[in-house]
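Here is how the chains run, residue by residue.
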Amino acid sequence: MFNNSSKILFITMMIIGTLITVTANSWLGAWMGLEINLLSFIPLMSDSNNLKSTEASLKYFLTQALASTVLLFSVILLMLKNNMNYEINNSFTSMITLSTLLLKSGTAPFHFWFPNLMDGLTWVNALLLMTWQKIAPLMLISYLGMKNILLISVILSVMIGAIGGLNQTSLRKLMAYSSINHLGWMLSALMLNESTWLIYFLFYSFLSFTLIFMFNMFKLFHLNQLFITFTQSKIFKFILFMNFLSLGGLPPFLGFLPKWIVIQQLTFCNQYFQLLILLMSTLITLFFYLRMCYSAFMLNYYENNWNMNLQINNFFMNIYMIFSFISIFGLMFTPMFFMML
C-alpha cells in the first residue's frame, strides 16, 4: 500500500513540476519546475525487481543535474545582463540555454545517456521518459527560437535515431532510438509552430503507449521474444507488427498523419533540404521495422512458448485491441471525422 501511495505522490509531483515549467513567466520559475520534475521522477525509477534501475536512476540524475546547473548559470547570466547592464552577448546565453534543454530532452548530439538509460527501466517508466518528460524541455525550446542550431540538432537527431536502431536487439533501446528520431520531427514541427508540434506529440504519445502497453502486458524486452511469443496466435502477432509500422509512419496507418502534417507545413515554408533529410531517415527506420516484420511473418520459430501460460486480463486485452484498431485504421477514419465537423 505504501509503495502505491508513494508512487501516486511522486507522479502527482512530476505532473505539477511540468505544469510549473510550462506556465512559468520567468526562466527561474521554469528551472524550479524542471527540478521538481526531476526529483519526483527519480524515485519512480527505483525498482527492487530490476537490478539496472539504480544505475539508470544515477545516470539520469547526473545528466539532468548537469543540465540544470548549466541552465541556472545561463539564467544568472541573463539576469546580470538585464538588471546589472553587463555586456553579455544575447545569442551566447540563448545557445547555452538551448544546449541544456536539448540535453534534458535527450536530443542529438546530447543523446548519449538516453538509450543506455532506457535499457535499465521498466516499460511504464520508459513510456514516461519518452513522452511526459519531453513536454517541459520542448516547451522551453519553443521560447528560444534559435533556428540555425535547432536545424543542426534536427538533422543529427533523425540520422542518429535512424542509424542507431539498425542493429538493436533490445526493444527498449529500439524504442529509445525511435524516440530520438521522432524528437527530430518534433523539433521540426516546433520550428514551424506550436500547434503542429502538439499534434505530432499527441499522436506519437498515443502510438508509443499502444506498443508499450503490449510489451508491458507480455513482459517483452528483446526481439527474439517478439518472434516466439505469439506462435499460437497469429492475429496478435500481426496486430503488434502493424503497430510497429504505424509508429514508423507507413502511409496506410495513423502514424503517417502527423508526419504528413509536418511534410505539408515544411513544403509551404520551402524547407526542402530539411524535408529530404527527414524523409530519408524515416525510410531507414521503416527499413528495420519492415525487416523485423518480415522475420516475424516469414520464418517459423519452434521453441517452447512459456509465455502462453500467462493469465492475461481480458479487460486489458480489449483495451489494447481498441487502441490497435485506432492505430491501424485511424487514418482512414480521419477524413470522415473532419467531414462530420
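The structure contained in this document is the topic of the report that follows. (Residues numbered from 1 in each chain as written. Predicted model: local features only at pLDDT ≥ 70, side-chain atom pairs only at ≥ 80, totals over all residues. Heavy atoms only, no water.)

### Here's the deal with the overall build of the protein
Quick note on the threshold: Helix and strand definitions follow DSSP, with helices as H or I runs of at least four residues and strands as E runs of at least two, each counted in order from the N terminus. Here the globule rule reads 2.2 Å times residues to the power 0.38, and the radius of gyration is calculated from C-alpha atoms. Buried means the residue's accessible area, taken with a 1.4 Å probe over protein chains only, is under 20% of the maximum for its type, while exposed means over 50%, and partly exposed covers the values in between. Throughout, a residue-residue contact means that at least one pair of heavy atoms, one from each residue, lies within 4.5 Å. Note on charges: Lys and Arg go in the positive column, Asp and Glu in the negative column, and His and the chain ends are not counted at all. Positions of charges follow a simple convention, taking NZ of Lys, CZ of Arg, CG of Asp or CD of Glu.
Secondary structure assignment for the protein yields 15 helices and zero strands. A compact globule built from 341 residues would reach a C-alpha radius of gyration of about 20 Å, and the protein, at 21 Å, matches this within 12%. A buried classification covers 52% of the 341 residues belonging to the protein. Across the protein, contacts joining residues at least 24 apart in sequence account for 75% of those joining residues at least 6 apart. Across the protein, the 14 positively charged side chains and the 7 negatively charged ones have centroids separated by 9 Å.

### Points about the packing of aromatic side chains
Rules: Here is the rule: rings of Phe, Tyr and Trp (six-membered ring for Trp) pair when centre to centre is within 6.5 Å. Planes less than 30 degrees apart are stacked, more than 60 are edge-to-face, and the remainder are tilted. Two thresholds decide whether a charge sits over a ring: the Lys NZ or Arg CZ must be within 6 Å of the ring centre and within 35 degrees of the ring normal.
With the rule as written, the count across this model stands at 19 aromatic pairs. Here the aromatic rings of Phe 256 and Trp 260 are separated by 5.6 Å at their centres, their planes lie at 20 degrees, and the arrangement is stacked. In this pair, Phe 256 and Trp 260 are both assigned in helix α13 (residues 256-268), four residues apart and thus about one turn of the helix distant. Clustering of aromatic rings is evident, with ring pairs tying together Trp 123, Phe 215, Phe 221, Phe 241, Phe 244, Phe 288 and Tyr 289. Above the plane of the ring of Trp 185 lies Lys 259, whose end atom (NZ or CZ) is 5.1 Å from the centre.

### Concerning unusual backbone geometry
Of note, the amide linkage connecting Ala 108 to Pro 109 takes the cis form, showing an omega dihedral of 5 degrees. Residues other than glycine seldom take positive phi values, yet Lys 219 does so here, at roughly 55 degrees. Along the chain, Lys 219 turns up in the loop between α10 (194-218) and α11 (223-229). Since its relative accessible area comes to 47%, Lys 219 is described here as partly exposed. Phi is positive for Asn 270, which is not a glycine, with a value near 60 degrees.

### Topic: the nonpolar core
Short version of the rule: In this description, a nonpolar core means a group of buried Ala, Val, Leu, Ile, Met, Phe, Trp, Tyr and Cys residues linked to one another through side-chain atoms lying within 4.5 Å.
Counting 92 residues, the largest nonpolar core has Phe 215, Leu 226 and Phe 244 as its most contacted members. Here this core gets 13 residues from one element, more than from any other, and that element is helix α9 (residues 171-192). Apart from residues lying up to four places away in sequence, Phe 215 is in contact with Trp 123, Leu 171, Met 175, Leu 220, Leu 226, Leu 240 and Phe 244.

### Focus: the pattern of salt bridges
Here is the rule we go by: Each salt bridge in this description consists of a side-chain nitrogen of Lys or Arg and a carboxyl oxygen of Asp or Glu lying within 4 Å of one another.
As enumerated under the stated definition, the model contains two salt bridges in all. With its nearest N and O atoms 3.0 Å apart, the salt bridge here joins Glu 55 to Lys 59. One end of the pair is Glu 55 and the other is Lys 59, both in helix α3 (residues 53-83) and four residues apart, which spans about a single turn. Overall, Lys 59 belongs to the partly exposed group, its relative accessible area being 31%.

### Concerning the packing of helix α4 (residues 90-105) against helix α8 (residues 147-164)
So the rule is basically this: Geometry is summarised by axes, namely lines fitted to C-alpha atoms with helices restricted to the contacting stretch, and by angles between N-to-C directions that run from 0 to 180 degrees. Note that the term roughly parallel is reserved for angles under 35 degrees, roughly antiparallel for angles over 145, roughly perpendicular for angles of 65 to 115, and oblique for everything else. In this scheme the crossing of two helices becomes right-handed for a clockwise turn of the near helix relative to the far one and left-handed for an anticlockwise turn of less than a right angle. Three classes are used, and their members are as follows: Ala, Val, Leu, Ile, Met, Phe, Trp, Tyr, Cys and Pro are nonpolar, Asp, Glu, Lys and Arg are charged, and the others, Gly among them, are polar.
α8 packs onto α4 with a crossing angle of 25 degrees between their chain directions and a minimal axis gap of 11 Å. Between α4 and α8, the angle is such that the two are roughly parallel. As α4 runs across α8, the sense of the crossing is right-handed. Contacts between α4 and α8 involve Met 95, Leu 98 and Leu 102 from the former and Ile 149, Leu 150 and Ser 153 from the latter. Residue classes in the contact of α4 with α8 are distributed as five nonpolar, one polar and no charged.

### Focus: the environment of Leu 150
Following the sequence through the fold, Leu 150 ends up in helix α8. Its relative accessible area of 4% is what places Leu 150 among the buried residues. Along the primary structure Leu 150 and Asn 116 are separated by 34 residues, whereas in three dimensions their C-alpha atoms are 24 Å apart. Apart from the residues within four sequence positions on either side, Leu 150 is in contact with Leu 98, Leu 102, Ile 141, Leu 187 and Met 191.

### Considering the side chain of Ser 157
One can find Ser 157 in helix α8. Other than its neighbours up to four places away in sequence, Ser 157 contacts Thr 107, Ala 108, Ile 180, Asn 181 and Gly 184.

### Examining helix α12 (residues 234-248)
We count it as follows: The length a helix should cover is 1.5 Å for every residue beyond the first.
Here α12 spans 21 Å end to end across 15 residues, near enough to the 21 Å set by a 1.5 Å rise per residue. The buried fraction of α12 is high, at twelve of 15 residues. Here α12 has its buried residues at Phe 236, Lys 237, Ile 239, Leu 240, Phe 241, Met 242, Asn 243, Phe 244, Leu 245, Ser 246, Leu 247 and Gly 248. One or two steps after α12, the chain reaches Gly 249, where phi turns positive at roughly 95 degrees.

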